[in-house]
Amino acid sequence: MSIGHALLGLLETGPRHGYDLKRVYDERFGHDRPLAYGQVYSTLSRLLRNGLVEERGVEAGGGPERKRYAITDAGVTDVSEWLVTPENPQIYLQSALYTKVVLALMSDRDAEEVLDAQRSAHLASMRELTARKRAGDLTDQLICDHALFHLEADLRWLELTAARLADLAKQVTG
Amino acid sequence: MSEVLLSGTNLGKAFGRTAALDGASMLVHDNEIVAILGPSGSGKSTLLHCLAGIVAPDSGTVAFRGRELGRMTDKERSALRRTEFGFVFQFGQLVPELSCVENVALPLRLGGMRRKDAEVKAKEWMDRIEVGHLLDKRPGEVSGGQSQRVAVARALVTGPKVVFADEPTGALDSFNGEQVMRLLVDTARDTGASIVLVTHEARVAAYSDREVVVRDGKTRQVALAH
Ligand SMILES: Nc1ncnc2c1ncn2[C@@H]1O[C@H](COP(=O)(O)OP(=O)(O)OP(=O)(O)O)[C@@H](O)[C@H]1O
Ligand SMILES: [Mg+2]
């Protein structure tokens, strides 16, 4: 997640002070991880250096918290490009679980147990997310749904692996 | 843990030479939602049918509140199904010749309730499940999601203790599937019914309290990692 781009995007609705930008970001996107002030100001100074934002109406005595920032034309172009650039698909589960399954098969352990444990842990997280989603507002629902679909995809891969364990065992031990 | 409502112990069932169940066991407690998961052909539906008294197992026992289904007469078993059990399937469960409200009223009519009373009660449930505007429509005139909600109303109208749901969202898109699950789970929680839910979708299973995994006709005992 590119915080710089998200802040730029928020500046498209109008110039803001750094603290205001942090507040809006946290409200909209920061559910699990609010931004640190230091992160906001270091990001803004980088955007400033790169000509993607400019300072507006600096008040007297101007420390960083007194400045208002506005997006530049170059900033708008940058946001547009970022929005249509797809995110890297993450494949964090696959490598770890694949390693475990192969090692279990190689050592003649019960590989299904590895998969069962993972399924049960995944479902436990999915239950928590479902409960959170049902208690929350639309934003919570969308955020939780995204996580739920990802966990579900992991589980589909897990079930497919379970169905192929016998073949995999042959390959690994053969 | 609350009381055991329904139990299947060491169930075996063969269709010809296919062993659909081969030593499957599971419990359903009062007011509990249990998901049955497993690959296609593993025996999930057969397990659900045995628990619901629709299919008689070749071996093992099913008991509802400690009463063995296998020791009941056919008449007792169908009375049990009509009064204590509700059913939701993937599709094709509404009677096409009847209007939606008549479909929902059907289980009450079969239990001997007068038409007018049955339809008043059916309407209440349809309002609650947010399909009160479809009373006089035929099943062929409503969408898949609406028809599934009508089916949920029909499953709950008799105030069952257990709702058996076999892929209730299987024919729906994610959005409608979620809505059906929400309504099913919310109303079951309100009325104190338990749910036995067969599904291959993890997001749907996430509405359950607990899962039972079936593989090759056997229920797997999963060590709890949490
Ligand atoms: N009425 C029947 N006659 C013959 N074979 C049957 C019958 N019902 C089930 N089977 C067989 O028993 C096995 C288990 O079937 P079951 O329907 O319980 O699986 P399932 O887990 O529900 O699968 P799915 O996810 O595809 O619905 C399968 O091999 C199936 O072909
Ligand atoms: Mg089935």
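Residues numbered from 1 in each chain as written. Chains lettered and ligands numbered in written order. Predicted model: local features only at pLDDT ≥ 70, side-chain atom pairs only at ≥ 80, totals over all residues. Heavy atoms only, no water.

Let us look at the site of ligand 1. Residues and elements named next belong to chain B. Surveying the vicinity of ligand 1 reveals the residues Phe15, Thr18, Ala20, Pro39, Ser40, Gly41, Ser42, Gly43, Lys44, Ser45 and Thr46. For ligand 1, an oxygen atom lies 2.5 Å from a polar atom in the side chain of Ser40. Gly41 is positioned with one of its backbone polar atoms (N or O) 2.8 Å from an oxygen atom of ligand 1. Bound to the protein, ligand 1 loses 56% of the 630 Å² it would expose on its own. Secondary structure elements with two or more residues in the shell around ligand 1: β2 (18-29) and α1 (44-51). At 3 residues, α1 tops the list of elements feeding residues into the shell around ligand 1. (Near = heavy atom within 4 Å. Polar contact = N/O pair within 3.5 Å; in protein donor to acceptor, adjacent residues only side chain to side chain. Areas by Shrake-Rupley, 256 points an atom, 1.4 Å probe, with all protein chains shown as cover. Helix = DSSP H or I, 4+ residues; strand = E, 2+ residues; numbered from the N terminus.)

Interface size, as often reported, equals the accessible area lost upon joining of the parts. Listed per partner, the contact involves 22 residues of chain B and 21 residues of chain A. Inspection of the region where chain B meets chain A yields 9 salt bridges. Run the count over chain B and chain A and you get 9 residue pairs in polar contact (both at pLDDT 80 or more). Of all the elements in the fold, those that place two or more residues in the side of chain B that touches chain A are α6 (174-191), α7 (202-205) and β9 (210-215) of chain B. With 5 residues, α6 of chain B is the largest single contributor of residues to the side of chain B that touches chain A. For the side of chain B that touches chain A, the residue count by class is 9 nonpolar, 3 polar and 10 charged. (Contact = heavy atoms within 4.5 Å. Salt bridge = Lys/Arg side-chain N within 4 Å of Asp/Glu carboxyl O. Nonpolar A, V, L, I, M, F, W, Y, C, P; charged D, E, K, R; others polar.)

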